[in-house]
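Listed below are the residues making up each chain.
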Amino acid sequence: MSKLKQVLVSGASITGPVLAYWLTRHGFSVTVVERSPTPRKTGGHAVDLFRPAVEISEKMGLLPLLAERAIKTTRMTLYREGKRRPVRADLTKVFSDQHLEVMRDDLSELYTAAGRDDVSYVYGDSVTAISPDGDVEFENAAPRRFDLVVGADGLHSTTRRLVFGEESSRFIGAYLGTFTLPHDFGSDHELRMHVGVGRTAGMYGVPHLGEARALFLFRREQIADRGVPRQMGILRAAFTGMHAEVDRWLDELHRTPAFYFDAITQVHMNTWSRGRVTLVGDAGYSPGPAVGGSASLAIVGAYVLAGELARAGGDHKRAYPAYERAMASYVRGSREVALRAARTIVPRSRLGVAGLAQGARLISALPSGPSRVLLRLATKSARLHDAVTVDSYP
């Protein structure tokens, strides 16, 4: 690069800090702007880091810290709606050493800390206008010109709306809700699930935070109102009466310190780039929260984008198309996996509920090796992530 390229990254959750870390390692000057007045603490659910994301995190020197904070779920107890006897599964037979499950807030904190000394983080501000040439206006700060602008601001990306127009999202027919419970609701290292036609509820402990998390996925038509009281009412109506344990979780809704609710949607775009602006992670190609491995996809996307920009000497006209080509197959596969996962996790029929329970029985009945083979044969998710290869950028 003939001069130090100035890059603006919008969004400081997970994708933005990973991208900023790798851009600075490649010699770029990076500013990250985040709407939240402080580093994000949303109380969100645990997310999966599959092999490629684990390997990238290891290159960042974070693997020991991530392993310390991983949700070490070792067993699952699954109740079918209307059935008394649960199905129990030994999850240690399923997951390999190249898979970690970590809380979103922990990921954000660790990825941010990894590059904080070299990245300029600006909290409590947001982008209000962007030109394809890199002229940016902010809600609070004075306008600036950047050589490159990247939207890493999630499923409801402001960057995408400002540069590409209205959201290019496709609703896949289900909703996700999650909220924090007191720790005594959870049993450390256990996932408790209740599955019925069109609805699934789960709960797991988060020992290092002294909390538990309740997670709900259910099918219904799309709604426009995003107000929290309305969302809590919809969630309660969808799950009340499913099981006495689920009702106890719902009783904590009005006391929970953290609540998240959103439609499970995918972002489909013909291109993620326009002029000097591009998108990364959920902002450009979300496969859908909780069903498509979106965190791993975003981490790989951030690493690849930084690498292609370095390889092209900061020339976005070469780097952006190369980035899109490198990620295209992974993005398409993640969308397909997400649609299949949604059908499996939130069954449409009693037969689907029975199939999910039978899968859990088989995992417990088989030794560790065959259980992992069964999982990979039965789910495209594991095969997709295992097959992804990422360049080792200089």
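Heads up: the structure comes first, above all this text.
In every chain, residue numbers begin from 1 and rise along the written sequence. It should be noted that, the model being predicted, local features are given only for residues of pLDDT at least 70 and side-chain atom pairs only at 80 or more, the latter also being counted only at that level, while totals for whole chains, interfaces and linings use all residues. Computation of side-chain values covers all heavy atoms of the structure but excludes hydrogens and water.

## Considerations on the pattern of salt bridges
Opposite charge on two side chains lets them pair, provided their charged atoms get close. By definition here, a salt bridge exists when the distance from a side-chain nitrogen of Lys or Arg to a carboxyl oxygen of Asp or Glu is within 4 Å. Within the structure shown, the criterion is met by 14 salt bridges. Across the salt bridge formed by D118 and R25, the nearest N and O atoms sit 3.3 Å from each other. Here D118, found in the loop between helix 4 (104–115) and strand 7 (120–123), pairs with R25, found in helix 1 (residues 15–25); they are 93 residues apart in sequence, far enough to count as distant. Summary of the burial criterion: residues with accessible area below 20% of their type's maximum are buried, those above 50% are exposed, and those between are partly exposed, where the area comes from a 1.4 Å probe applied to protein chains only. By relative accessible area, which is 45% here, D118 ends up partly exposed. Across the pair R213 and E211 runs a salt bridge, and its minimum N-O distance is 2.6 Å. Overall, E211 belongs to the partly exposed group, its relative accessible area being 23%. Secondary structure elements are defined from DSSP: runs of H or I of at least 4 residues count as helices, runs of E of at least 2 residues count as strands, and each element is numbered from the N terminus.

## Let's talk about helix 1
The element helix 1 is largely enclosed, with a buried count of ten among its eleven residues. Among the residues making up helix 1, those that are buried are T15, G16, P17, V18, L19, A20, Y21, W22, L23 and T24. Note on helix 1: the residue one or two positions beyond its end, G27, has a positive phi of about 95°.

## A few points about the sheet that holds strand 10 (residues 144–145)
The three strands lie next to each other as 8-9-10, forming an open sheet whose pairing is antiparallel. In this open sheet, the two edge strands, each paired with only one partner strand, are strand 8 (127–130) and strand 10. Pairing between strands is defined by DSSP: at least two bridges between them are needed. As paired strands, strand 8 and strand 9 (residues 135–138) are joined by three bridges and run antiparallel to one another. Among the inter-strand pairings, A129 is bridged to a residue of strand 9, identified as E137.

## Some thoughts on the packing of aromatic side chains
Two aromatic rings from Phe, Tyr or Trp, using only the six-membered ring of Trp, form a pair when their centres are within 6.5 Å; if the ring planes differ by under 30 degrees the pair is stacked, by over 60 it is edge-to-face, and anything between is tilted. For the structure shown, the criterion picks out 15 aromatic pairs. Between Y121 and Y123 the ring centres are 6.1 Å apart and the planes differ by 10°, which places this aromatic pair in the stacked class. Residue Y123 is classed as partly exposed on the basis of its relative accessible area, which comes to 22%. Ring pairing ties together the aromatic residues F171, Y175, F179, F216, F218, F239, W249, F259 and F261, which thus form one cluster. Sitting over the ring of Y21, R25 keeps its end group 4.0 Å from the ring centre. Criterion for a charge above a ring: Arg CZ or Lys NZ at most 6 Å from the ring centre, at most 35 degrees from the ring normal. Between the NZ or CZ atom of R116 and the centre of the ring of Y121, over which it lies, the distance is 5.9 Å.

## Quick look at the sheet that holds strand 18 (residues 277–279)
Reading across from one edge, 7-2-1-11-18-17 is the order of the six strands in this open sheet, with mixed pairing throughout. The strands lining the two open edges of the sheet, one partner per strand, are strand 7 and strand 17 (273–274). Pairing of strand 1 (residues 6–10) with strand 11 (residues 148–151) involves four bridges; the strand directions are parallel. Of the residues in strand 11, the one forming a bridge with S10 is G151. Whether two residues are in contact is decided by their heavy atoms, any of which lying within 4.5 Å being enough. All axes are obtained by fitting lines to C-alpha atoms, using only the stretch in contact for helices, and the reported angles, taken between N-to-C directions, cover 0 to 180 degrees. Docked against the sheet, helix 10 (residues 316–345) engages strand 11, strand 17 and strand 18, running at close to 15° with respect to strand 18.

## A closer look at the side chain of R335
For R335, the location among the structural elements is in helix 10. Residues within four places of R335 in sequence aside, it is in contact with Q266, V267, H268, M269, Y285 and P287.

## A look at the pairing of strand 2 (residues 29–34)
Of all the six residues making up strand 2, five are buried; the element is thus mostly covered by neighbouring parts of the structure. Judged from the five bridges that link them, strand 1 and strand 2 form a sheet pairing that is parallel. Bridge pairing in strand 2 places S10 opposite V33. Look down the strands so they point away from you; if going from the first strand over the helix to the second traces a clockwise path, that crossover is right-handed. Taken together, strand 1, helix 1 and strand 2 constitute a β-α-β crossover, and its handedness is right-handed. One ladder, built from four bridges, connects strand 2 with strand 7; its direction is parallel. Directly across from V33, in strand 7, lies its bridge partner V122.

The quantities given are spatial measurements derived from coordinates; they are silent on function.
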